[in-house]
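Geometric and topological summary
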Amino acid sequence: MTPKERIMAVLNHQKPDHMPCFGANSTVTYDQMEKMQAFWPDGHEKGEVMAKQALAAYTVLGFDAVRVPFCQTFEAEALGCKIKSGKEKGIPGIDHPPPYKLDDTPEFPKDFLSRGRIPELLKAVKILKKELGDEVPVVAGIIGSFTIAGALLETTTLLRATFKKPEKMRPFLEVAEKAGSELAKALIDAGADIISCEDMTASPDLIAPSTYRDYEMEYQTRQFEKISVPKILHICGNVDPIVEYMGKTGAEILSLEPKASAKLAREKCGPDVILMGGVDTATTLFMKDEDTVKKACEEQIAQGIQILAPGCAVAPGTPLGNLLAMVEVAKRH
Amino acid sequence: MKLLKDFSNIFRRYDLALEKTGEAREISKDPILQKIAKYVVDGDDENIIPAIKEALKTKTPLEIINDALIAGMNEVSRLWDEGVYFLPQVILSSDAMNAGIAECEKAMGKSMERKAKVVTHTAEGDIHDIGQVIVNALLNANGFEVINLGADVPVEKVVAACKEHKPVMVTGTALMTTTMTAFPKIAHMLKQAGLEIPFVCGGGAVSEEFVTSYELGIWGKEASQAPGMAEDALAGESWQSMRAKWNG
């Protein structure tokens with residue numbers, strides 16, 4: 001099977017030749033940058049370099065899909081947030097002050113898709129599609145509405161609003177949902193096969209589960225209805241209290257950190273949803289050795305994981321051998 | 001392909017299990033203080049001000065701070081520990097407590113006396129100052145003066161703040177593996193400057209193994225440990241004995 005056939009088999013509830021392995025989040029590391037001779041910050045800013053770095057997931061790691069971008073700031077920048085460069089070693093972040101206050105009415109710019117670095121991201125997807133053809137899927141990332149709203153208002157302001165003035169969040173969630181959806185459509189037009197939605201701020205580590213259920217879930221569901229390709233929903237941390245709702249958003253694949261229970265996700269979401277995840281990116285993948293990584297992968301597979309993946313964005317200093325060890329385990333299943 | 005084998009939970013009402021229910025306990029027998037404490041627990045930073053103004057007619061500012069504001073925040077800390085409260089509620093309660101303390105300080109004509117200073121920061125490159133928000137609130141509620149350096153703080157700034165303020169303890173929070181590498185650098189520079197201050201590090205990506213790999217480092221598992229650790233540091237415990245007590 002080609003990587004694409006392998007992933008399609010899982011999505012169609014058929015048996016793949018072996019378990020696929022790829023990232024819902026960024027999998028770029030310094031080692032891969034060296035091998036590809038493509039570096040940051042260019043990889044965050046220039047389409048050609050971004051594509052080259054993403055390609056390493058397939059050519060260097062042997063993952064079943066490639067993934068762009070490597071940060072969570074594209075929509076926010078295009079909506080008016082200030083961006084702080086991560087320079088050579090880090091990823092771009094959102095800088096202070098935020099563009100809006102809670103009483104403001106946010107605007108969706110007409111030229112959204114040509115703002116910031118979005119044209120470069122779309123260029124990267126086109127290049128990857130040309131390089132990989134129909135063999136290897138291109139996963140393209142968008143950011144969840146709640147996380148974008150947090151960038152527009154500053155996360156703590158949004159968190160206060162969840163209890164004090166939750167209705168005031170709606171205009172921001174609307175604009176944020178539109179941003180992610182428009183970007184997803186453009187990414188699909190450029191050649192993306194799978195859309196991965198990262199929604200860090202929707203984690204129960206940050207908001208109450210009832211806020212997810214009563215607000216974010218609605219926007220997530222609306223967004224996923226508009227996206228024609230398979231969707232991955234990734235929310236960081238222990239999502240046990242909300243995983244049932246995540247399963248109702250229309251995402252075909254849920255990406256879980258090992259902090260969350262894959263077994264519980266299966267119980268609450270039923271047999272149709274595909275579970276993706278595997279290794280804790282900080283305490284295991286970054287800090288430990290290959291044997292520990294393999295053991296952690298096996299444990300998660302036993303819990304019901306169907307696509308092996310780093311649990312979250314890979315730390316760029318992660319040893320190459322640890323990522324290769326994941327592929328080795330996937331091939332055994 | 002893994003399919004659902006266990007159907008035992010299918011007909012359970014999951015929504016009942018969504019959030020733990022727990023009631024705030026009574027904080028003070030005195031109805032005036034109880035009312036103020038309740039505003040802290042409810043995170044109401046508006047109504048708390050008139051309530052304090054009213055209370056100041058019969059109570060001293062220190063009584064209000066200690067027996068209502070701080071006592072209320074300690075109750076919030078308990079609700080957080082037990083998983084009843086989520087982060088937004090802790091932030092709102094902390095806002096209410098701080099507004100209340102400011103009102104009492106106005107009445108005293110001076111700042112309330114604090115036990116000691118603690119410098120807190122979130123690592124350079126990390127904009128997620130979420131864990132630090134709780135650490136600040138809890139230290140504040142326990143009578144420590146928090147020198148809050150905020151998020152995305154360069155290594156040199158942390159060291160400079162320690163030189164200036166001579167805190168009993170310094171804390172670092174990091175959510176990302178890319179940013180926590182600043183901690184050993186800070187520890188090294190503090191050591192070189194002759195400042196053997198217990199350096200409590202914690203947050204999303206930060207593991208015990210990592211923190212105990214450098215001098216001064218003590219791993220903070222939960223934000224709620226911060227006040228207890230600060231008390232130890234205030235009592236003069238070394239970073240070694242604090243590490244032995246809180247880690248491993």
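These figures come from a predicted structure and were not determined experimentally.

Rules used throughout
Within any chain, residue numbers begin from 1 and follow the written order of that chain's sequence. Chain labels run from A onward and ligand labels from 1 onward, assigned in the order the entries are written. Only residues with pLDDT of at least 70 are given local features in this predicted model, and only at 80 or more are side-chain atom pairs given and counted; all residues enter the totals for whole chains, interfaces and linings. Counting from the N terminus, the helices are DSSP H or I runs at least four residues long and the strands are E runs at least two residues long. Between the two quantities, the radius of gyration covers C-alpha atoms and the globule rule is 2.2 Å times the number of residues to the power 0.38. The exposure label follows from counting other C-beta atoms within 10 Å of a residue's C-beta, where the C-beta atoms are placed from the backbone and the thresholds are 20 or more for buried and 12 or fewer for exposed, leaving partly exposed in between. Here the contact rule is simple: place C-beta atoms from the backbone, and any two residues whose C-beta atoms are within 7 Å are in contact. Should DSSP find at least two bridges between two strands, the strands are regarded as paired. Charged means Asp, Glu, Lys or Arg here, nonpolar means Ala, Val, Leu, Ile, Met, Phe, Trp, Tyr, Cys or Pro, and polar covers whatever is left, Gly included. By convention in this section, buried Ala, Val, Leu, Ile, Met, Phe, Trp, Tyr and Cys residues joined through C-beta atoms within 7 Å make up a nonpolar core. Orientation is described by lines fitted to C-alpha atoms, with helices fitted over the stretch in contact, and by angles between N-to-C directions that extend from 0 to 180 degrees. Throughout the structure description, domain borders are defined by an automatic or database domain assignment. Each residue gets a pLDDT score, which is the predictor's confidence in that residue and runs from 0 to 100.

Here we come to the overall build of chain A. Assigned secondary structure in chain A consists of 15 helices and 9 strands. At 18 Å, chain A has a C-alpha radius of gyration in line with the 20 Å of a compact globule built from 333 residues. Here chain A holds 333 residues, and 61% of them are scored as buried. Taking as baseline every contact in chain A between residues at least 6 positions apart, the subset at least 24 positions apart corresponds to 72%.

To continue, consider the overall build of chain B. Within chain B one finds 10 helices and 5 strands. Relative to its 248 residues, chain B shows a buried fraction of 52%. Relative to all contacts within chain B whose residues are 6 or more apart in sequence, the contacts with residues 24 or more apart total 74%.

Moving on, we get to the pairing of strand 3 (residues 169-173) of chain B. Regular strands place side chains that alternate from one sheet face to the opposite one. Residue and element names in this part refer to chain B. Burial analysis of strand 3 places 5 of its 5 residues in the buried class, which makes it a mostly covered element. In this sheet, strand 3 lies alongside strand 1 (residues 117-122) in parallel orientation, the contact comprising 5 bridges. Across the sheet, residue Val118 finds its bridge partner in strand 3, namely Met169. By the bridge criterion, 4 bridges tie strand 3 to strand 4 (residues 199-202) in an arrangement that is parallel. Note that in strand 4 the partner of Thr173 across the bridge is Gly202.

For the rest of this paragraph, the subject is the environment of A:Met50. Residue and element names in this part refer to chain A. With respect to the helices and strands, the residue Met50 is situated in helix 4 (residues 47-59). For Met50, a count of 27 C-beta atoms within 10 Å gives the class buried. Between the C-alpha atom of Met50 and that of Leu264, which follows or precedes it by 214 residues, the distance is 36 Å. Ignoring any residue separated from it by four or fewer positions in sequence, one finds Met50 in contact with Gly43, Val68, Pro69, Glu120, Leu121 and Ala124.

On to unusual backbone geometry, then. Excluding glycine, residues mostly carry a negative phi; peptide bonds, for their part, are mostly trans. Residues and elements named next belong to chain A. With an omega of -15°, the peptide bond between Val68 and Pro69 qualifies as cis. Tracing the chain through its elements places Pro69 in the loop between strand 1 (66-68) and helix 5 (74-78). With omega at -10°, the peptide bond leading from His96 into Pro97 counts as cis. Summarising the element assignment, Pro97 is placed in the loop between strand 3 (93-95) and helix 6 (118-132).

The interface of chain B with chain A comprises 26 residues on the first partner and 34 residues on the second. A per-element tally of the side of chain B that touches chain A places helix 4 (residues 87-108) of chain B first, with 5 residues. Tallied by class, residues from the side of chain B that touches chain A come to 15 nonpolar, 7 polar and 4 charged.

With that out of the way, let us pick up the nonpolar core. Grouped together as the largest cluster of nonpolar side chains are 201 residues, with contacts concentrated most on A:Val66, A:Leu254, A:Leu308, B:Ile36 and B:Phe199. With residues near it in sequence (within four places) discarded, B:Ile36 still touches B:Ile48, B:Ala51, B:Ile52, B:Ala55, B:Ile64, B:Ala68, B:Leu69 and B:Gly100.

What follows covers the sheet that holds strand 1 of chain B. Residue and element names in this part refer to chain B. Pairing is parallel across the open sheet formed by 5 strands, whose spatial order is 2-1-3-4-5. A strand with exactly one partner marks an edge of an open sheet, and here the two such strands are strand 2 (145-148) and strand 5 (217-220). Looking at each pair of strands side by side, their axes are set apart by 25° on average, direction ignored. Across the sheet, helix 5 (residues 130-141) lies against strand 1, strand 2, strand 3 and strand 4, angled at about 170° from strand 1, the strand it touches most. Sheet strands in contact with helix 9 (residues 226-234) are strand 1, strand 3, strand 4 and strand 5, and its direction is about 150° off that of strand 3.

Residues and elements named next belong to chain B. The domain architecture assigned to chain B consists of domain 1 (28-108) and domain 2 (117-246). Computed from C-alpha atoms alone, the centre-to-centre distance between domain 1 and domain 2 is 26 Å. If you look at the interface, domain 1 gives 11 residues, while domain 2 gives 7 residues. Of all the secondary-structure elements, those providing two or more residues to the side of domain 1 that touches domain 2 are helix 3 (61-81) and helix 4.

Moving on to the sheet that holds strand 6 (residues 231-234) of chain A. Residues and elements named next belong to chain A. Across the sheet, 7 strands lie side by side as 1-4-5-6-7-8-9; this open sheet has parallel pairing. In this open sheet, the two strands that pair with only one neighbour each are strand 1 and strand 9 (307-310). Neighbour to neighbour, the strand axes of the sheet diverge by 30° on average, direction disregarded. Pairing of strand 6 with strand 7 (residues 253-256) involves 3 bridges; the strand directions are parallel. Bridge pairing in strand 7 places His234 opposite Ser255. Across the sheet, helix 14 (residues 290-302) lies against strand 8 (274-279) and strand 9, angled at about 155° from strand 8, the strand it touches most.

The next subject is the confidence of the model for chain B. Residue and element names in this part refer to chain B. Of the residues in chain B, 90% reach a pLDDT of 70 or more, and the chain-wide mean stands at 88. Across residues 9-17 the pLDDT falls below 50, and counting only partners more than four positions away or on other chains, this stretch makes 3 contacts in the model. On the interface metric, ipTM, the complex scores 0.90, and its pTM is 0.90.

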